[in-house]
Amino acid sequence: MDNLVEILIEWGYIGAFISALLAGTIVPFSSELVVAALIKVGSSPMLCLVSAAIGNTVGGLTCYWLGWLGKTEWITKYLKVEPEKIDKVKNYLQGKGAASFMAFFTFLPFIGEAIAVALGFLRSNPLWTTISMFIGKFIRYAVIVWGLMQIEQEKLFFYEKDQTNFNYHPVADSNNTFCSSTKKRVQRRLDTGCKPSV
């Protein structure tokens, strides 16, 4: 699984799309890892957000279309969704006038796939289902991307704050070579993931 994550990160925005598509289906996959890594290496947060939201929507629509086909055996076999769970969600959604708007909640873990399958069973409007599903998944990834950006900004803030306390003098690193300043040593430690100790 780690190799797949590395490959998807190397593929950039297409990798974000594919990882989100996999996460939107029955495959147990964390697209958040790929999106976080892409943002960490400097990819556009907005393009990561759009790629992931579209990919996750396409993944969710696979569950919807399996439900549309209406074969309970397939859904139980391939999606590993219990028939009782599908019936429960289906009965709940039938009482709602605008069932396709329930697709907004397909981003929820565990029950999201069951909602998509039930909407397919109900033959909810494909256009409105797709739009509602995309909005929900877009908001989910927007919150994730926003959170990641906040974490990165906080790290940058503390790094810049620490830079004001630097003493510029040569120091030896672990390989007995000389750095030109403490600033370079801290930057190298940050690049390798070590906590700076000034």
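Residues numbered from 1 in each chain as written. Predicted model: local features only at pLDDT ≥ 70, side-chain atom pairs only at ≥ 80, totals over all residues. Heavy atoms only, no water.

Some remarks on the nonpolar core
- Formed by 17 residues in total, the largest nonpolar core has its most connected members in Val 117 and Leu 119.
- Broken down by element, this core gets its largest block of residues, 7 residues, from helix α7 (residues 112–121).
- Core analysis: the second largest hydrophobic core is formed by 15 residues, Leu 8, Val 35, Tyr 141 and Leu 148 among them. (Core = buried A, V, L, I, M, F, W, Y, C linked by side-chain atoms within 4.5 Å. Buried < 20%, exposed > 50% of the residue type's maximum accessible area, 1.4 Å probe, protein only. Helix = DSSP H or I, 4+ residues; strand = E, 2+ residues; numbered from the N terminus.)

Some thoughts on the environment of Trp 128
- Turning to its location among the elements, Trp 128 is positioned in helix α8 (residues 126–163).
- Linking Trp 128 and Ala 103, residues 25 residues apart in sequence, is a C-alpha distance of 8.5 Å.

Observations concerning unusual backbone geometry
- You will see that Arg 123, though not glycine, has its phi angle at about 55°, which is positive.
- The topology assignment puts Arg 123 in the loop between α7 and α8.
- Relative accessible area serves as the criterion here: at 42%, Arg 123 is assigned to the partly exposed category.

Some thoughts on helix α4 (residues 45–69)
- Taking 1.5 Å per residue, 25 residues should reach 36 Å; α4 reaches 36 Å between its end C-alpha atoms and fits that length.
- Looking one or two residues beyond α4, the residue adopting positive phi is Gly 70, at roughly 75°. (Expected span 1.5 Å × (residues − 1).)

Some words on the packing of helix α2 (residues 13–24) against helix α3 (residues 31–40)
- Running from amino to carboxyl end, α2 crosses α3 at an angle of 160°, the nearest separation of the two axes being 8 Å. Classified by the angle between their axes, α2 and α3 sit roughly antiparallel to one another. Our pair here, α2 against α3, has a crossing hand that is left-handed. Residues Tyr 13, Gly 15, Ala 16, Ser 19, Ala 20 and Ala 23 of α2 form the contact with α3, whose participating residues are Ser 31, Val 34 and Leu 38.
- Considering only residue class, the contact of α2 with α3 consists of 6 nonpolar, 3 polar and no charged. (Axes fitted to C-alpha atoms, helices over the stretch in contact; angles between N-to-C directions. Parallel < 35°, antiparallel > 145°, perpendicular 65-115°, else oblique. Left-handed = near helix turned anticlockwise from the far one by under 90°. Contact = heavy atoms within 4.5 Å. Nonpolar A, V, L, I, M, F, W, Y, C, P; charged D, E, K, R; others polar.)

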